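Below, each chain spelled out in residue letters.
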Amino acid sequence: MILAVLYCLLWSFQTSAGHFPRACVSSKNLMEKECCPPWSGDGSPCGQLSGRGSCQNILLSNAPLGPQFPFTGVDDRESWPSIFYNRTCQCSGNFTGFDCGNCKFGFWGPNCTDRRLLVRRNIFDLSAPEKDKFFAYLTLAKHTISSDYVIPIGTYGQMKNGSTPMFSDINIYDLFVWIHYYVSMDALLGGSEIWRDIDFAHEAPAFLPWHRLFLLRWEQEIQKLTGDENFTIPYWDWRDAEKCDICTDEYMGGQHPANPNLLSPASFFSSWQIICSRLEEYNSHQSLCNGMPEGPLRRNPGNHDKSRTPRLPSSADVEFCLSLTQYESGSMDKAANFSFRNTLEGFASPLTGIADASQSSMHNALHIYMNGTMSQVQGSANDPIFLLHHAFVDSIFEQWLRRHHPLQEVYPEANVPIGHNRESYMVPFIPLYRNGDFFISSKDLGYDYSYLQDSGSDSFQDYIKSYLEQAGRIWSWLLGAAMVGAALTALLAGLVSLLCGHKRKHLAEERQPLLMEKEDYHNLLYQSHL
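Given the structure is predicted, the values throughout are model-derived calculations rather than measurements.

Asker: Explain the overall build of the chain to me, using residue names and the numbers behind them.
Answerer: When helices and strands are tallied, the chain shows 14 helices and 14 strands. Split into buried and exposed, the 530 residues of the chain put 52% on the buried side. For the chain, the accessible area works out to roughly 23,600 Å², and carbon and sulfur atoms hold 55% of it.

The structure is reproduced here in structure tokens:
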């Protein structure tokens, strides 16, 4: 009853975000490669008359890429978004959005000057009305067509370089499913040729920042859709879980009594249809997912390949990940050893930090364990458990950032897989965001996690601990530098004494200790190296 009432009350709201702005998909926009729509507040492009922003050329990173994708000029996602647009709105101050009509994450109010901090909570801590409201919001998003965004159903080449636009409407929930599909789809090389070793959001440094942005954008759009400015995505703390304790009809859906691969008819999500799941079909036709329904949501938790994923992650696994000081290492892809990102993503062992292609652990383990729609990378966001799972993965990322306090320069600038460089724009978001922009604390982006708020007393201890651990590795260098500094000080003091010796004795000599300029070791302490 609560769901039905909320659904009716909220039906009138229609908005969304995520990919191609509806205002920028005409043949004129595509041929001119410009996406600078007017802001509704003053009618000027990018809200320029109100000082919100202006239409400017896009500056792309020219940093070298890794060797994983040996092609150029074959994929629409290369040098995003230059295939489609080379001029977009560049917003000023705290404004953002494809028309500079929104506030940056963490800001609020008509002029985007108010700071705020929202808190993501454990789904088991939600009251029954709060939980039902969350499910109502999901249902509403699944049944509301985006008024702001559309999806392409053909490549730029199939659109005849923009002269024949090919776009389609999509509901708000599926828009984000499509985004996750598009960022991780195989490269279509023409004819029947494809390239599978490409992914702009997985298996490389941008995995954590990209999914952080994905959740923030999804959260932001639900806030707009519902008018609930305080909405946050709940998380599922799966540490030490022996089974899927959210896989019940009270929460994310139990198993169907007659078919364990489907959801129970009593589940909120049993009638949901999925999209973007027929990957081989798209590849064989050299086509994109068009957002059409492709069948029911599937899930059979625990009946997965146990040789690949013998168990769900433990608290000890998480703690081992957090102890790794390097964000990236080596090849900076799924073969990286002792990399926090690669270990948390699940391509390296949470016991040793060594990459292991035969095992799927940590983040990957949950996807494999669900044994259904969520187990296929491109279509995994169809399952709403995806949101709860990635919210908790993001909280582990946040713990690592707070423990090690890395500079932004720790995020790799170059020589990583395509789309993952620090200054690369994240596919396929418009407005544009760089990977490095989200290598910062969640508090700077306007949100926190309930279980991390109680750990403030440990933050200083973690901060000092990380310094001591890394300083210990370079103690000999520091000692040597100190000895050289002392010798130079003595030498310079002697020279000063000789030069000043001719001065008359009745003149008072004012002697100050000769100090060397302090060396800044912060950069050194937080560089990633194998």
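Asker: Can you tell me about the nonpolar core, naming the residues and giving the values?
Answerer: In this structure, Tyr-181, Phe-214, Phe-340 and Leu-387 are the most contacted members of the largest nonpolar core, which totals 119 residues. Ranked by the residues each element gives to this core, the list is headed by helix α10 (residues 385-404), at 11 residues. Once residues lying within four places of it in the same chain are set aside, the contact partners of Phe-340 are Leu-208, Cys-321, Leu-322, Leu-324, Gln-326, Tyr-327, Ile-396, Phe-397 and Trp-400. One finds Cys-36, Cys-55, Cys-89 and Cys-100 within the second-largest nonpolar core, a separate group that totals five residues.

Asker: So what's going on with the environment of Gly-446? Which residues, and what values?
Answerer: Checked against the element boundaries, Gly-446 lands in the loop between α10 and β14 (447-449). A residue is classified by how much of its surface remains accessible, and Gly-446, at 8% relative accessible area, is buried. Excluding residues that lie within four positions of it along the chain, Gly-446 makes contacts with Gly-106, Arg-116, Leu-117 and Leu-118.

Asker: So what about the sheet that holds strand β1 (residues 20-21)? Which residues, and what values?
Answerer: The strand order β1-β10-β11 describes an open sheet built from three strands, whose pairing is antiparallel. Looking at the sheet topology across the chains shown, the edges are occupied by β1 and β11 (167-168). Pairing analysis gives two bridges linking β1 to strand β10 (residues 149-152), with the strands arranged antiparallel. In the sheet register, Phe-20 faces β10, and the bridge partner there is Val-150.

Asker: I'd like a description of the pairing of strand β4 (residues 87-91), backed by residues and values.
Answerer: Two elements, strand β2 (residues 34-35) and β4, share two bridges in a ladder whose sense is parallel. What sits directly across from Cys-35, in β4, is Thr-88. Bridge count for strand β3 (residues 53-57) against β4 is five bridges, and the pairing is antiparallel. Bridging from a neighbouring strand, Ser-54 pairs with Gln-90 of β4.

Here is what the cut-offs are and how they apply
- Residues numbered from 1 in each chain as written.
- Predicted model: local features only at pLDDT ≥ 70, side-chain atom pairs only at ≥ 80, totals over all residues.
- Heavy atoms only, no water.
- Helix = DSSP H or I, 4+ residues; strand = E, 2+ residues; numbered from the N terminus.
- Buried < 20%, exposed > 50% of the residue type's maximum accessible area, 1.4 Å probe, protein only.
- Areas by Shrake-Rupley, 256 points an atom, 1.4 Å probe, with all protein chains shown as cover.
- Core = buried A, V, L, I, M, F, W, Y, C linked by side-chain atoms within 4.5 Å.
- Contact = heavy atoms within 4.5 Å.
- Pairing = 2+ DSSP bridges.

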